[in-house]
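The lines below spell out each chain.
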Amino acid sequence: MKSWLIIEEGHQSGGIFRLKQDILTVGRGPANPIQIVDRSVSRQHAQLKRIKNSYWITDLASRNGVYVNSRQISKQTPLRNGDILQIGDVMLLYLEGEAPSDQPDLVLSWKKSSETTRIAGTVAMQLKDLDPDDTHSSHP
């Protein structure tokens, strides 16, 4: 199953990350596959780990904590489709499915998106440049 993180609120609002690796870190530092450039985000803030077909999130002793659906987590926590994550002051939406455009009712920032997707751990690219298997967007 495909998994995505979408920045709903924050400086990079509308940014989309396709989660492909089994273990990913999220943080402000450039070494993170999911880099969120915001002062409220620690250099290495959280870890996402795929277990079976879903991701779990762990706070990496960050300064501002990790929240899932407004609850601060203290241990590895499973993510479900539509969960809202807060990392520092940044709000992210966790989605499972073929493409974020398939669930517009959940994606608040979809219309604000610059149509740029970042496959976690690689360079940014336009949706039109992705493999057809990676997204079923109606964008040109």
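In what follows, the structure referred to is the one given above.
Residues numbered from 1 in each chain as written. Predicted model: local features only at pLDDT ≥ 70, side-chain atom pairs only at ≥ 80, totals over all residues. Heavy atoms only, no water.

A.B. asks: Just checking my understanding: could you explain the overall build of the chain for this structure?
C.D. replies: Helix and strand counts for the chain come out as zero helices and 13 strands. When the helices and strands of the chain are read in sequence order from the N terminus, they spell out β-β-β-β-β-β-β-β-β-β-β-β-β. Relative to its 140 residues, the chain shows a buried fraction of 46%. For the chain, the exposed area adds up to about 7500 Å²; of that, 48% sits on carbon and sulfur atoms. (Helix = DSSP H or I, 4+ residues; strand = E, 2+ residues; numbered from the N terminus. Buried < 20%, exposed > 50% of the residue type's maximum accessible area, 1.4 Å probe, protein only. Areas by Shrake-Rupley, 256 points an atom, 1.4 Å probe, with all protein chains shown as cover.)

A.B. asks: Honestly, the pairing of strand 6 (residues 54–59) in this entry has me stumped. Any pointers?
C.D. replies: Across a regular strand the side chains alternate sides, sitting on one face of the sheet and then on the other. As paired strands, strand 5 (residues 46–51) and strand 6 are joined by six bridges and run antiparallel to one another. Looking at strand 6, one finds that Lys49 is bridged to Trp56. What sits between strand 5 and strand 6 in their antiparallel hairpin is a turn of two residues, with Lys52 showing a positive phi close to 60 degrees. In terms of strand pairing, strand 6 meets strand 9 (residues 77–78) through two bridges, oriented antiparallel. When the bridges of strand 9 are listed, Trp56 appears paired with Pro78. (Pairing = 2+ DSSP bridges.)

A.B. asks: Would you mind going over the environment of Arg71 with me for this structure?
C.D. replies: Relative to the assigned elements, Arg71 resides in strand 8 (residues 71–72). On the accessibility criterion, Arg71 (66% relative accessible area) is exposed. Through-space distance from the C-alpha of Arg71 to that of Leu85 is 9.2 Å; in sequence the pair is 14 residues apart.

A.B. asks: I tried to follow the nonpolar core on my own but got confused; where do I start?
C.D. replies: Leu5, Leu19, Ile34, Leu48, Ile57, Leu79 and Leu92 are the most contacted members of the largest nonpolar core, which has 22 residues in total. Elements with a minimum of two residues in this core: strand 1 (3–9), strand 2 (16–19), strand 3 (23–27), strand 5, strand 6, strand 7 (66–68), strand 10 (84–87) and strand 11 (90–96). The element contributing the most residues to this core is strand 11, with three residues. The next biggest cluster of nonpolar side chains, apart from the first, holds five residues, and it includes Trp4, Ile6, Ile16 and Leu95. (Core = buried A, V, L, I, M, F, W, Y, C linked by side-chain atoms within 4.5 Å.)

A.B. asks: What exactly am I supposed to notice about the pattern of salt bridges here?
C.D. replies: Pairing of side chains with opposite charge becomes possible as their charged atoms draw close. Applying the stated criterion across every chain, the model contains one salt bridge. For Asp22, the salt bridge goes to Arg50, with nearest N and O atoms at 2.9 Å. A residue pair is termed long-range when its members are at least 10 positions apart, and Asp22 in the loop between strand 2 and strand 3 and Arg50 in strand 5 qualify at 28 residues. Exposure remark for Asp22: the relative accessible area of 49% places this residue in the partly exposed category. (Salt bridge = Lys/Arg side-chain N within 4 Å of Asp/Glu carboxyl O.)

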